[in-house]
Amino acid sequence: MRIRLGLALVLALVALALFAPLLAPYPPAAQLDLETLRTVPPSMAHPFGTDPYSRDLLSRVLHGARLSLTIALLAVALAVTVGTAIGLASGWAGGLADTVLMRLVDAGLAVPKIFIVLVVLALWEKVTVAALIAILGGTGWFGVSRIVRAEVRAARTREYVAAAQALGASAGRVVLRHVLPNVAAPVIVIAAMGVGQVVLLEAGLSYLGVGVPQPTPSWGNIIADGQQVLLTAPWVATSAGLAVVVTVLAFSLLGDGLREHLDPRTR
Amino acid sequence: MGATTLSYVVNRLAQGVVVVFAVATLVFVLLQAAPGDPLTVLSDQPQLAPEALERMRRSFGLDRSIPEQYVRYLGRLVRGDFGVSLTQHRPVLAALADALPNTLLLALAALLVDLTVGVGIGIVQGMRPRTVTDQLLSLVTITLYAMPVFWLGLLALVIFGQQLDWFPVGGLVDPVRHATLSPAGRVLDRLHHLALPALTLGLVGAGYTARHQRSALLEVVGQEFVRTARAKGLRERAVVLRHALRNALLPTITLAGLAFPALLSGSVLVEAVFAWPGMGRLAADAIGRRDFPLVTAAAILAAVLVVLGNLAADLTARLADPRLRQEG
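All of these numbers come straight from a predicted model, not from anything done at the bench.

Details of the overall build of chain B
Regarding its fold elements, chain B presents 14 helices and 0 strands. C-alpha extents for chain B along the principal axes are approximately 85 × 55 × 40 Å. Counting every position in chain B, which comprises 328 residues, the buried fraction comes to 39%. Contacts spanning at least 24 positions in sequence make up 74% of the contacts within chain B whose residues lie at least 6 apart.

Here's what the structure looks like:
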């Protein structure tokens, strides 16, 4: 039930994001008419209303979906790849390498993520979308690697690993062909949940004005635009905020559903 | 405090020092990896002569080799010298020391909301699993969990701050009236200003806590001692509240410690919404002007808080659970 609802919502969001240029009635950064179309309430012509710069909010929210989802999916893909690789290596190698890597992971988990991102943003002058993906992905792998490592430590002692080794498989083959598929389930769940978390983090950074730069629309910077006119034009911040809630909800439901589906113990 | 607990604390503190050391190293690596050196930021200021910039480079030790810089950097951190803030024009430590109590107040108040509401909802759900109430509350908690904390804050600000005018819209205290109030009035003024930010930050966390508490309670309810309690003929309330809940709260204590990173991350955003003068707001404001000494120090300080928060939670768990004490 949850998995279906989550999956349906996620697919719908991805479709909206993919077809945003076709669905959006106006270019997202176009200032339509600064004289007459500033903060116009929702109407037939502008279903979500317009913002203080006379831009059409439906178009901005749709294009924001494109950007937010692209950033989140790529950042999570990066985090999961790095985290899985380091978790596999650390768990399989053991010894000093494992200790050092896991202390590094402890450190990464001890700094609230937004502070690491702020440090990076304080040091690099211009942040492009690609850089934002690299930052969010590069700071998102700590938890993944910890979970993968624990699974690998447990898998090492299992018979199927001994069997593969007895058949003469190399360490690389054992890890990639035998251990990896067995640790995939928790990684898939954490990846689904992670997309929602990155959407939230990116929105927060853009809200603070250090994420996606204007006039490119991102849900976070639309909410920031709406903050200035919160009392007179509450619809500006409302639509983008709801978009974030629905997206995070969709990926949480999907993650929850996948966990129940993949882990028979919770059924 | 027994000898085993003391050695446990010492051991954990040592681990914490290692973690903070690793965080400092991570920050140093980022400082080195950044384009140019940190003072490149200043080089576009026309009033700053190139010679003056060179002098600053030397005084920051930026003309030395990287290993030497690293050792000097760690040495300064150990002495509590985080450098001078480029925006505040005073030592970073002094700026952070002013902001830290405000952030701690906000984070701890939010944690209180988080645990009270989260555990409360979790218990209600755990007592009647798979009922309509349970499912409705699940929808509430998963939605809270999906809320951007700054957006929830803005909604609260508009509805309860401006429309209904129940709460002030920001700041730590009333800037005009606070000084004239009686001591009790000042405390009330503070609490009045604290309410909305703490509720905002706490409620988002409560979504996660409730989900966790529900499943922890359901797990315990299936165990033998709960069946025994039922078999003795105890009423359901007594079974759940006296027997099951006490055990199901143990993982929640650990969870509260693990919530610190999220609380501090969230406080950066909540502080921005409510103009709350904490370290998150200080750090976020410093970004635009690339005040790297302040931002890096805030990150290291945040790590110290997380380590201490985890330690406090683990010690509480040991106090609450004799089994943890025996393992040593």
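Focus on the overall build of chain A
Each helix and strand in chain A was counted, giving 11 helices and 0 strands. Going from N to C terminus, chain A has its helices and strands arranged as α-α-α-α-α-α-α-α-α-α-α. Principal-axis analysis of the C-alpha atoms places the extent of chain A at approximately 75 × 45 × 30 Å. Within chain A, the fraction of its 267 residues that count as buried is 49%. Taking the contacts inside chain A whose residues are at least 6 apart along the sequence as the reference set, 70% of them involve residues at least 24 apart.

What about the nonpolar core?
In this structure, L118 of chain A together with V23, A283, V295, A298, A299 and A303 of chain B are the most contacted members of the largest nonpolar core, which totals 157 residues. The leading source of residues in this core is helix α9 (residues 171-208) of chain A, at 18 residues. With near-sequence residues (within four places) excluded, V23 of chain B lies in contact with A107, A110 and V111 of chain A together with I300 and A303 of chain B. Residues M127, L217, L245 and A248 of chain B belong to the second largest nonpolar core, which totals 11 residues.

Quick word on the confidence of the model for chain B
A residue-level look at chain B finds 95% of positions with pLDDT of 70 or above and a mean pLDDT of 85. In the model output, the complex is listed with pTM 0.88 alongside ipTM 0.88.

Comments concerning the packing of helix α8 (residues 224-231) of chain B against helix α9 (residues 236-248) of chain B
The description of two helices packed together rests on the angle between their axes and the distance between the axes. Residue and element names in this part refer to chain B. The interhelical angle for the contact between α8 and α9, taken along N-to-C directions, is 145°, at an axis separation of 10 Å. The two elements α8 and α9 cross, and the hand of that crossing is right-handed. Residue-level inspection shows F225, V226, A229 and R230 of α8 in contact with α9, the latter providing V239, H243 and A244. Looking at the contact of α8 with α9, its residues break down into 5 nonpolar, 1 polar and 1 charged.

Examining the environment of L319 of chain B
Among the structural elements, L319 of chain B can be located in helix α13 (residues 292-320). Sequence spacing of L319 of chain B and T5 of chain B is 314 residues, and the spatial spacing of their C-alpha atoms is 9.6 Å.

Quick look at the interface of chain B and chain A
Where the parts come together, the accessible area they lose is often given as the size of the interface. Across the boundary between the two partners, chain B contributes 42 residues, which contact 38 residues of chain A. For the side of chain B that touches chain A, the secondary-structure elements that each account for two or more residues are α1 (3-33), α5 (132-146), α6 (149-163), α11 (260-273), α12 (279-288) and α13 of chain B. Broken down by element, the side of chain B that touches chain A gets its largest block of residues, 9 residues, from α13 of chain B. Here the side of chain B that touches chain A is composed, by residue class, of 36 nonpolar, 4 polar and 2 charged.

Side note on helix α7 (residues 142-156) of chain A
Residues three or four positions apart in an α-helix share a direction because the helix packs 3.6 residues into each turn. All names here are of chain A. Here α7 contains 15 residues, and its C-alpha end-to-end distance of 21 Å stays within 8% of the 21 Å for a straight helix at 1.5 Å per residue. Of all the positions in α7, only F142, V144, S145, R146, V148, R149, E151, V152 and A155 are classed as buried. The elements touched by buried residues of α7 are α3 (57-93), α4 (95-110), α8 (159-166) and α9.

Here's the deal with helix α11 (residues 235-262) of chain A
Here α11 of chain A is 28 residues long and its end C-alpha atoms lie 40 Å apart, about the 40 Å a rise of 1.5 Å per residue gives. Extensive coverage of α11 of chain A is indicated by the burial of 20 of its 28 residues.

What to know about the packing of helix α4 (residues 92-127) of chain B against α5 of chain B
Residue and element names in this part refer to chain B. Two numbers describe how α4 lies on α5: the axes approach to 8 Å, and their chain directions differ by 150°. By the angle class used here, α4 and α5 are roughly antiparallel. For the crossing formed where α4 meets α5, the hand is left-handed. Residue-level contacts link I121, V124 and Q125 of α4 to T133, D134, L137, S138 and T141 of α5. Per-class residue counts for the contact of α4 with α5 are 3 nonpolar, 4 polar and 1 charged.

So, the environment of L13 of chain B
Locating L13 of chain B in the fold gives a position in helix α1. Along the chain, L13 of chain B and V307 of chain B lie 294 residues apart, while their C-alpha atoms are 8.5 Å from each other.

What about the environment of A192 of chain A?
Residues and elements named next belong to chain A. Structurally, the position occupied by A192 is in helix α9. When the C-alpha positions of A192 and L205 are compared, they lie 21 Å apart, and in sequence the two are 13 residues distant. Setting aside its immediate chain neighbours within four residues, A192 contacts F251, L254, G255 and L258.

Overview of unusual backbone geometry
Residue and element names in this part refer to chain B. A positive phi angle is found at H89, which is not glycine, with a value near 55°. Counting through the fold element by element, H89 comes out in the loop between α3 (66-78) and α4. Looking at H89, the number of C-beta atoms within 10 Å reads 8, which means it is exposed. Positive phi is not limited to glycine here, since A275 has a value of about 50°. Mapped onto the secondary structure, A275 falls in the loop between α11 and α12. Using a count of 13 C-beta atoms within 10 Å as the deciding quantity, one classes A275 as partly exposed.

So, the confidence of the model for chain A
For chain A, per-residue confidence averages 86 on the pLDDT scale, and residues scoring 70 or more make up 98% of the total. In the model of chain A, helix α5 (residues 113-123) of chain A stands out as the element of lowest mean pLDDT, 83, in contrast to α3 of chain A, which has the highest, 92.

Rules used throughout
- Position numbers for residues start from 1 in each chain and track the written sequence from start to end.
- Chain letters and ligand numbers both follow the written order, the letters beginning at A and the numbers at 1.
- Reporting in this predicted model follows two pLDDT cut-offs: at least 70 for local features of residues, and 80 or more for side-chain atom pairs to be given and counted; totals over whole chains, interfaces and linings ignore these cut-offs and use all residues.
- A run of H or I in DSSP becomes a helix once it reaches four residues, and a run of E becomes a strand once it reaches two; helices and strands are each numbered from the N terminus.
- Buried, partly exposed and exposed are defined by the number of other C-beta atoms within 10 Å of a residue's own C-beta, namely 20 or more, between the two limits, and 12 or fewer respectively, with C-beta atoms placed from the backbone.
- Any residue pair is listed as a contact if its two C-beta atoms, each placed from the backbone, are within 7 Å.
- Definition of nonpolar core: a set of buried Ala, Val, Leu, Ile, Met, Phe, Trp, Tyr and Cys residues joined via C-beta atoms within 7 Å.
- Summary of the metric used: pLDDT quantifies the predictor's per-residue confidence within the range 0 to 100.
- Note on method: axes are straight lines fitted to C-alpha atoms, helices fitted across the in-contact stretch only, with angles between N-to-C directions ranging 0 to 180 degrees.
- Helix crossings fall into two classes, left-handed where the near helix is turned counterclockwise from the far one by less than a right angle and right-handed where it is turned clockwise.
- In this classification, Asp, Glu, Lys and Arg are treated as charged, Ala, Val, Leu, Ile, Met, Phe, Trp, Tyr, Cys and Pro as nonpolar, and every other residue, Gly included, as polar.
- How far a helix is expected to stretch is found by multiplying one less than its residue total by 1.5 Å.
- Our angle categories are set so that under 35 degrees counts as roughly parallel, over 145 as roughly antiparallel, 65 to 115 as roughly perpendicular, and the remainder as oblique.

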